[in-house]
Amino acid sequence: MEAMISVTCHYPKLCAQYLTSQFYEAGYSLSQRGDILNILVMSAQQLSDPNIEKIIDKRAVIKSYINFNMITEEHFRNLVKKRSSTPNETKKKKIVKSKENKFSDFVGYFFFPLLNQYDKERIHFSIMEKDYFLLGKMIFTLGMILYFSENSTVHENMIKALGDFLWNVKNHKEEFIRKSIIFAYTIIVMTASDNVLFGYLINYLTELKFWLQAVIIEEPNNERKIEANNCLSLLSNRVKNNLQFLISGF
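Since this is a predicted model, take the numbers as computed values, not measurements. (Residues numbered from 1 in each chain as written. Predicted model: local features only at pLDDT ≥ 70, side-chain atom pairs only at ≥ 80, totals over all residues. Heavy atoms only, no water.)

(A) Region of the structure containing the packing of helix α6 (residues 107-116) against helix α8 (residues 155-169). At a minimum axis distance of 11 Å, the contact between α6 and α8 shows a crossing angle of 20 degrees. With respect to each other, α6 and α8 are oriented roughly parallel. Handedness of the crossing formed by α6 with α8: left-handed. Touching V107, F111, F112 and L115 of α6 are N157, M158, A161, L162 and F165, all from α8. Within the contact of α6 with α8, the residues separate by chemical class into 8 nonpolar, 1 polar and no charged. (Axes fitted to C-alpha atoms, helices over the stretch in contact; angles between N-to-C directions. Helix = DSSP H or I, 4+ residues; strand = E, 2+ residues; numbered from the N terminus. Parallel < 35°, antiparallel > 145°, perpendicular 65-115°, else oblique. Left-handed = near helix turned anticlockwise from the far one by under 90°. Contact = heavy atoms within 4.5 Å. Nonpolar A, V, L, I, M, F, W, Y, C, P; charged D, E, K, R; others polar.)

Below is the structure:
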């Protein structure tokens, strides 16, 4: 897999186009489709700003295979806390990232083909009906690619597309899917500009608030409760920093 990651980093457009097209094709096992997601995510991390906060650290990588169950543990919570810093500090960090992110020119090839084909009917596998673990991994992948693409020219379009997709699957019964959805929503809340969060996504915010509150109250897994609470706190802080939206009850 390391060789594939290296090749993808050298030829990101061609490799991303090939990998995303093969993800939905017949002739691959679920494990091989998972490998495709791993290659895309780890290549995206290497192509992105070398100074970027690493969501994927050594604890979460075993023999080049991402352990998605570790992604939202303490490391990611610390990242959320850092993003809850003062607006000036956040703004400073964004300026540095926008100058160094080498992933910006290629991010669309990693992201949109995965998202645009999920609802097509296939005989060989069903990501929406029975192959739930692969769906969860894909949501994690999309969320991480979104994070690594911050300040790219297509970042806003990516947020809009991912937000629409998450809205359709947010009530999934599988715990791993809920874990991945909370993760992806947290990335959106962290990285969305005010124009997108309080413009295109404004109709989602109240429902997202209620959904996160329901997870905190009803979810049997304590880690999911913590993750949902982190996302809700981040969302509340974003809203409170925009006075015109205080009347929404956040």
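The discussion continues.
(B) The pattern of salt bridges, seen in detail. By the definition in use, this model includes 6 salt bridges. Residues R178 and E219 are paired through a salt bridge, measuring 2.8 Å at the closest nitrogen-oxygen approach. Residue R178 is found in helix α9 (residues 175-191), and its partner E219 is found in the loop between α11 (202-218) and α12 (222-240); the two are separated by 41 residues along the sequence. Taking the relative accessible area as the measure of exposure, E219 reaches 5% and is therefore buried. A salt bridge links E227 to K179; its shortest N-O distance comes to 3.6 Å. Separated by 48 residues along the polypeptide, E227 in helix α12 and K179 in helix α9 bring together distant segments of the chain. (Salt bridge = Lys/Arg side-chain N within 4 Å of Asp/Glu carboxyl O. Buried < 20%, exposed > 50% of the residue type's maximum accessible area, 1.4 Å probe, protein only.)

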